[in-house]
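# Structural overview for review
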Amino acid sequence: MLHRVRYRLAAGACAMAVAVGLLAGSAFAGEESSRAGLPADDAAQGMIYGGLTAAKSGPCAGLFQVKGVSPAMCTHGPDAAPAGLSVKSRVQPLTTAPLAASALAVCEGDGTSGRRVEVLYIHGSTSRYNQYLETFRTLAEGVDVIFNESAKETGGERHVRYVTETVNGACRPVVRDVQIADSALNANDWAPLLNAVRAAGYTRTDRKYLQFVDASVYCGIGGFAGDTRKSDANRSNSGPEYARADNGCWSAGVAAHELGHTLGAVNNNAPNASGAAHCVDEWDVMCYKDGPNVVIQTKCTDRSHDQRLDCNHDDYYHTNPAAGSYLANYFNVADNLFLIKGAGGPGPVPNGNLATSATASASYTSPWESIAAINDGAEPAQSNDTVNPRWGTWPNTGEQWALLTWASAQTLTRAEVYFFDDNDGVRLPASWKLQSWNGSAYVDVPGASGYPVALNQYNRVTFGSVSTTRLRVVLQSGAQSVGLLEVKAYSS
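Worth saying up front: this structure is predicted, and the values here are computed from it rather than measured.

Here the focus is the overall build of the protein chain. Looking only at helices and strands, the protein chain features seven helices and 21 strands. Across the 492 residues of the protein chain, 56% fall into the buried class. Contacts in the protein chain between residues at least 24 apart in sequence constitute 74% of all its contacts with a sequence separation of at least 6. Just so you have it, the protein chain exposes about 18,200 Å², and 50% of that area is on carbon and sulfur atoms.

This is the structure in structure tokens:
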């Protein structure tokens, strides 16, 4: 099925003009104040704008914001159903798994640690989990195929880093069974469902949640940060973030489109941007005519590319963009930290910090903290950082550790550690050290220059060169628990 056809059906009925300036003075000015600046609903196409507001300030400025969700949730708005699918007609389950989709091509680590995409089946009082489990696994694997085949076009390799499990000897995406109230499931407003899912515990800052929703409200809708910064601190590199596909649009193309938004596609300053979080150069998973004044250009004539990312790879997805190009200077989804990077890496590591390409794990993490914080690239302002994510071990004391794991061996000679200290239950460690993995055990790094313990600054240690796939920060607590804000690792 051609995913992109759906958007042409919606463009004339309901322009998805995200920029607030485009919305002002439009045909919607006569609607009640609660819908000021919003297009009219088209329920048949899943174009439901209830619960959204056209944000003029704050983190969602120039986008839609989902009302009643905290912290602020930004979105590009709803997408309509493609030809062959209907918001009001359920997709039938697969009877068996196609051989080509019986496992993920690449899995990483323990299947849970670090930044990952977690698949959720969300339903009300009626559950079809067992009936559709194989369908959801296969669709998630189809999304991975779209991302990796698109990476191959630029000589690289990228895979979605799912939460995974072993099924009959194969590595496959985990599908969570999430029951919520029928009223939240079927609301003409995304907020009740989001809040119910969050109340069920799906709030991790190191997660993108791909939601297959057993409802007939939307076709698809996804969170979108609109952050163009060429930095690991880009908001598209953090969570929690949510992508939703309802039962009439359970397809790999729809899921890839909505997940693509959560990963940073398509920023409005891109060369072929529509101005509403999409592109205009077909054929492309993320492109379509999303407004009355948008002109579509067919630059990739093979329609099979409708199931691939970034026609000509100049707007949002390239594994090795040329120096001076748009994607060398602005955010590139191929660099997103929720993807597994293979050949055709993103080029030089920012500032030489190798930690950002590692997967983080820990001895223990407080439920409200995040181990992904230690290598997210966010620069702390102080040890008692209340803005950025933190890793802490309260109430656990004694020896605690945080681990960086790379897909291939790294040569390391120094590291920097920024301690988390809230002047309460998490304090500076009594002592700490670095250990590397020698293939069979963790050993102290050789010739360490010393392990300073200071507030409000990076604590630097140099050591003899080691080649390893793992670097562990071992912390010995005092009377209170311990934590970290950031860890950096360097080869020189």
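Among covalent bonds in proteins, the disulfide is the one between the sulfur atoms of two cysteines. In this structure the tally under the stated criterion is five disulfides. A disulfide bridge connects cysteine 60 with cysteine 74, and the sulfur atoms are separated by 2.0 Å. Residues cysteine 60 and cysteine 74 are joined by a disulfide whose S-S torsion is about -85°; by sign, that bridge is left-handed. In this pair, cysteine 60 is assigned in the loop between β1 (52–54) and β2 (64–66) and cysteine 74 in strand β3 (residues 74–79), connecting sequence segments 14 residues apart. Taken as a pair, cysteine 60 and cysteine 74 share a single burial class, namely buried. Shown here is the disulfide that connects cysteine 219 with cysteine 249, its sulfur atoms set 2.1 Å apart. Handedness here is read from the sign of the S-S torsion; for cysteine 219 and cysteine 249, about -115°, the answer is left-handed. On the criterion of sequence distance, the pair formed by cysteine 219 in the loop between β9 (207–213) and β10 (220–223) and cysteine 249 in the loop between β11 (241–246) and α6 (252–262) is long-range, its members being 30 residues apart. Neither cysteine 219 nor cysteine 249 differs from the other in exposure class; each is buried. The cystine pairing of the protein chain, numbering bonded cysteines in sequence order, is 1-2, 3-4, 5-6, 7-8, 9-10.

So, about helix α3 (residues 129–152). Taking 1.5 Å of rise per residue, the 24 residues of α3 would be expected to cover 34 Å, and the 34 Å separating its terminal C-alpha atoms lies within 8% of that figure. Among the 24 residues in α3, 19 count as buried, and that is most of the element.

You can see proline 173 is positioned in strand β7 (residues 170–173). On a C-alpha basis, the gap between proline 173 and leucine 139 in space is 9.8 Å, while along the polypeptide they are 34 residues apart. In contact with proline 173, other than residues within four places in its own chain, are Leu104, Val119, Arg137, Ala140, Glu141, Tyr162, Val163, Thr164 and Glu165.

You can see glycine 220 is positioned in strand β10. Separated by 28 residues in sequence, glycine 220 and glycine 248 have C-alpha atoms that sit 9.5 Å apart.

Next up on the list: the pairing of β3. Counting buried residues in β3 gives six out of six residues, a clear majority hidden from the surface. Pairing between β3 and β10: three bridges, direction antiparallel. Across the sheet, aspartate 79 pairs through a bridge with glycine 220, a residue of β10.

Along the chain, serine 477 falls in the loop between β20 (458–476) and β21 (483–490). For serine 477, the side chain forms a polar contact with the main-chain oxygen of glutamine 480, separated by 3.4 Å.

The mixed open sheet is built from eight strands, whose spatial order is β1-β2-β3-β10-β11-β9-β4-β8. Each having just a single partner strand, β1 and β8 (175–179) make up the two edges of the open sheet. The sheet shows a mean angle of 30° between the axes of neighbouring strands, taken without regard to direction. Where β1 and β2 come together, three bridges link them in antiparallel fashion. If you follow threonine 53 over to β2, its bridge partner there is glutamine 65. On the sheet, helix α5 (residues 190–199) packs against β2, β4 (116–123), β9, β10 and β11 and is oriented at approximately 120° with respect to β11. Running over the sheet, α6 touches β3, β4, β9, β10 and β11 and is turned about 160° from β11.

Bringing the nonpolar core into the picture now. The biggest cluster of nonpolar side chains holds 51 residues, and the ones touching the most others in it are Phe147, Tyr162, Trp250, Tyr316 and Tyr317. Secondary structure elements with two or more residues in this core: β4, α3, β9, β11, α6 and α7 (326–329). Of all the elements, α3 adds the most residues to this core, at ten residues. With residues up to four places along the chain from it excluded, the contact list for tyrosine 317 reads Phe147, Ser150, Ala151, Arg158, Leu309, Asp310, Leu327, Asn332, Val333, Ala334 and Leu339. Met47, Tyr49, Ala191 and Val213 belong to the second-largest nonpolar core, a separate cluster that totals 31 residues.

In this chain, serine 70 is followed by proline 71 through a cis amide linkage whose omega measures 0°. Here proline 71 shows up in the loop between β2 and β3. For the bond running from tryptophan 394 to proline 395, omega is 5°, close enough to zero to count as cis. Looking at the secondary structure, you find proline 395 in the loop between β16 (391–392) and β17 (399–419). In this model, alanine 277 sits at a positive phi of 75°, which is unusual for a non-glycine residue. Within the secondary structure layout, alanine 277 lies in the loop between α6 and β12 (281–282).

Attention shifts here to the pattern of salt bridges. It is possible for side chains of opposite charge to pair when their charged atoms get near one another. Applying the stated rule across the entire model yields 22 salt bridges. Here aspartate 335 makes a salt bridge to lysine 230, at a shortest N to O gap of 3.2 Å. One end of the pair, aspartate 335, is in the loop between α7 and β14 (339–341); the other, lysine 230, is in the loop between β10 and β11, with 105 residues separating them in the sequence. Residue classification places aspartate 335 among the buried residues on the basis of a relative accessible area of 14%. A residue is classified by how much of its surface remains accessible, and lysine 230, at 37% relative accessible area, is partly exposed. For aspartate 246, the salt bridge goes to arginine 244, with nearest N and O atoms at 2.6 Å.

Reading the values: rules and limits
Residues numbered from 1 in each chain as written. Predicted model: local features only at pLDDT ≥ 70, side-chain atom pairs only at ≥ 80, totals over all residues. Heavy atoms only, no water. Helix = DSSP H or I, 4+ residues; strand = E, 2+ residues; numbered from the N terminus. Buried < 20%, exposed > 50% of the residue type's maximum accessible area, 1.4 Å probe, protein only. Contact = heavy atoms within 4.5 Å. Areas by Shrake-Rupley, 256 points an atom, 1.4 Å probe, with all protein chains shown as cover. Disulfide = S-S within 2.5 Å. Expected span 1.5 Å × (residues − 1). Pairing = 2+ DSSP bridges. Polar contact = N/O pair within 3.5 Å; in protein donor to acceptor, adjacent residues only side chain to side chain. Axes fitted to C-alpha atoms, helices over the stretch in contact; angles between N-to-C directions. Core = buried A, V, L, I, M, F, W, Y, C linked by side-chain atoms within 4.5 Å. Salt bridge = Lys/Arg side-chain N within 4 Å of Asp/Glu carboxyl O.

On their own, these measurements won't tell you what the molecule is for.
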